[in-house]
Amino acid sequence: MTHQVHQGQRYQCGQNEYLAYENGTQVVQVARIDHDLLYPLHAPILLHASQLTPLPVRRFHGEVR
């Protein structure tokens, strides 16, 4: 099964939320979201698309893309 990651979409990996910086099906660049910080994005890292689970998006009325 291929996992497609979409730029701008929020994903979960373990206990953390991530924002995708690029589209892809293999290794993609993401930034961890931490709502306790003034600027909530950490430095970008690389994760494999299969590790990321898409989260619901408000613009799709709570649906997962």
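Residues numbered from 1 in each chain as written. Predicted model: local features only at pLDDT ≥ 70, side-chain atom pairs only at ≥ 80, totals over all residues. Heavy atoms only, no water.

## Here we look at the overall build of the chain
Phase 1: When helices and strands are tallied, the chain shows 0 helices and 5 strands.
Phase 2: Sequence-ordered secondary structure for the chain, helices as α and strands as β, is β-β-β-β-β.
Phase 3: Here the chain, with 65 residues, has 28% of them falling under the buried criterion.
Phase 4: Put simply, 27% of the contacts in the chain that link residues at least 6 apart link residues at least 24 apart.
Phase 5: With an accessible surface of roughly 4,600 Å², the chain has 51% of that area assigned to carbon and sulfur atoms. (Helix = DSSP H or I, 4+ residues; strand = E, 2+ residues; numbered from the N terminus. Buried < 20%, exposed > 50% of the residue type's maximum accessible area, 1.4 Å probe, protein only. Contact = heavy atoms within 4.5 Å. Areas by Shrake-Rupley, 256 points an atom, 1.4 Å probe, with all protein chains shown as cover.)

## Side note on the pairing of strand 3 (residues 27-33)
Phase 1: As judged from the 4 bridges shared by strand 2 (residues 16-20) and strand 3, these two strands associate in the antiparallel manner. Pairing of Leu19 across the sheet is with Ala31, part of strand 3.
Phase 2: Here strand 2 folds back onto strand 3, and the loop between the two strands holds 6 residues.
Phase 3: Pairing between strand 3 and strand 4 (residues 45-48): 4 bridges, direction antiparallel. Along strand 4, the bridge assignment pairs Val30 with Ile45. (Pairing = 2+ DSSP bridges.)

## Some points on the sheet that holds strand 3
Phase 1: If you walk across this open sheet you meet the 5 strands as 4-3-2-1-5, and the pairing is antiparallel. Both edges of this open sheet fall to strand 4 and strand 5 (53-54), since each of them pairs with a single strand only.

## Points about the pattern of salt bridges
Phase 1: Inspection of the entire model under this criterion finds 1 salt bridge.
Phase 2: The closest approach of N and O atoms between Arg10 and Glu17, which form a salt bridge, is 2.8 Å.
Phase 3: We classify Glu17 as partly exposed; its relative accessible area is 25%. (Salt bridge = Lys/Arg side-chain N within 4 Å of Asp/Glu carboxyl O.)

## Here's the deal with the pairing of strand 2
Phase 1: Examined bridge by bridge, strand 1 (residues 10-13) and strand 2 share 4 bridges and lie antiparallel to one another. Among the inter-strand pairings, Gln12 is bridged to a residue of strand 2, identified as Glu17.
Phase 2: Hairpin connection, strand 1 to strand 2: the antiparallel pair is bridged by 2 residues, and Gly14 has positive phi, about 65 degrees.

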